Amino acid sequence: MIRKIFPSSFTKHVCKSLPIFPAYRTFSDKSKREEMFHTMFREVLDSRPVPMRKEFVLNEKNTTETLEKLDIGPNNHHKPTTLGDKAAYYTVKTLRILPDTYFRGNHYMRAAMLETIAAVPGMVGGMLNHMKSLRRMSEDHGWISHLLHEAENERMHLMMWMKCLNPNFWNRMLVLGAQTSFFSAMCGYLEEEAITSYTHFLNDLDSGKIENGPAPSIAIDYYNLHPKATIRDVVLAVRADEAVHRDANHFLSDCLAIHDEDFFSKINTDKDKTSAS
């Protein structure tokens with residue numbers, strides 16, 4: 001999901017300024033080259049990622065007060081009932097021991113590791129559903145768009161935290177190793193742990209253990225925050241996103257468990273019930 005931010009004049013200016021690369025000698029004609037690059041880069045230059053929650057795409061800037069009021073459903077724990085649920089739940093709990101021990105109070109690095117992991121399942125799930133839709137030559141019922149949007153959202157979280165830290169070699173290696181450990185079956189419980197981690201982050205900011213510095217500009221733009229937003233505002237916004245991922249992944253997991261992948265029909269049914277009432 002994208003939103004236009006650059007005027008077409010800017011796009012044309014950038015496309016015209018692009019050089020002739022050796023691989024594109026076929027397009028040595030200036031007008032054809034400009035047309036090709038304009039076509040290739042138009043969507044990239046004219047768009048940007050959009051957050052998960054509607055509160056972040058409104059015209060009004062989000063303040064600390066509005067962020068504090070966002071409903072994250074603190075009691076929305078999905079109780080594991082099936083064997084698969086229990087395996088996923090206790091696996092996530094066990095795998096959390098390593099970052100808790102290694103990073104301790106380094107919430108920035110913990111958040112970076114979390115987001116590099118969380119951005120994987122959505123992309124993998126989106127690709128798998130894309131291939132399944134092609135094989136079956138049938139609709140995907142909305143899964144692909146949601147999963148890819150979720151992956152993009154988690155990647156944007158990572159980009160924000162990377163503006164606040166400079167991980168060393170061993171931190172990067174730990175992240176790389178942990179990234180291979182999480183896939184879709186554990187996403188819902190991973191997001192529950194993410195909310196817990198960001199809540200601890202907030203507590204340390206409020207207690208003064210971590211300096212509440214200015215928010216990175218990428219976070220201000222992405223979440224439509226007020227110009228003087230702080231790290232605490234960013235944590236509140238990211239935690240709100242994680243609440244959406246938590247509920248969505250548990251919902252999708254339940255759909256898979258009962259072999260009912262058409263959740264669009266459920267949405268339409270709920271709309272009909274609301275209209276009737």
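Per chain, residues are indexed from 1 in the order of the written sequence. The predicted origin of the model limits local features to residues at a pLDDT of at least 70 and limits the giving and counting of side-chain atom pairs to 80 or more, whereas totals for whole chains, interfaces and linings rest on all residues. Water and hydrogen atoms were dropped before computing side-chain values, which therefore reflect all heavy atoms in the structure.

## Comments concerning the pattern of salt bridges
This is how it is decided: Within this document, salt bridges are pairs made up of a side-chain nitrogen of Lys or Arg and a carboxyl oxygen of Asp or Glu, the two lying within 4 Å of each other. Strands are runs of DSSP state E lasting at least 2 residues, helices are runs of H or I lasting at least 4, and numbering of each runs from the N terminus. Residue exposure (1.4 Å probe, protein chains only): buried if accessible area is under 20% of the type maximum, exposed if over 50%, otherwise partly exposed.
In total, this model carries four salt bridges according to the counting rule given. Arg232 is the salt-bridge partner of Glu68, the closest N and O atoms lying 2.5 Å from each other. Of this pair, Glu68 sits in helix α3 (residues 64-68) while Arg232 sits in helix α11 (residues 231-257), placing them 164 residues apart in sequence. Judged by its relative accessible area of 41%, Glu68 is partly exposed. Arg232 sits in the buried class, given a relative accessible area of 16%. Among the ionic pairs, Arg246 bridges to Asp247, the shortest N-O distance being 2.8 Å. One continuous salt-bridge network, built from bridges that share partners, spans Glu68, Asp206 and Arg232.

## Considering the environment of Leu148
Going by this rule: Whether two residues touch is decided by their heavy atoms; if any such pair falls within 4.5 Å, the residues are in contact.
Relative to the assigned elements, Leu148 resides in helix α7 (residues 143-162). Expressed as a C-alpha distance, the spacing of Leu148 and Gly125, which sit 23 residues apart in the sequence, is 8.1 Å. Setting aside chain neighbours within four positions, we find Leu148 in contact with Gly122, Met123 and Gly126.

## Considerations on the nonpolar core
Where we set the bar: Throughout this description, the term nonpolar core refers to a set of buried Ala, Val, Leu, Ile, Met, Phe, Trp, Tyr and Cys residues connected via side-chain atoms within 4.5 Å.
Grouped together as the largest cluster of nonpolar side chains are 41 residues, with contacts concentrated most on Met160, Trp161, Tyr198, Phe201, Tyr223, Val234 and Val235. Listed by contribution, the elements that provide at least two residues to this core are α6 (107-136), α7, α9 (187-207), α10 (217-223) and α11. Setting aside residues up to four positions removed in sequence, Met160 forms contacts with Pro216, Ile218, Ala219, Tyr222, Tyr223, Val234 and Val238.

## As for α7
The line we're drawing: In a helix, the anticipated span is given by 1.5 Å times the number of residues less one.
Taking 1.5 Å per residue, 20 residues should reach 28 Å; α7 reaches 29 Å between its end C-alpha atoms and fits that length. Most of α7 is tucked away, with 14 of its 20 residues classed as buried.

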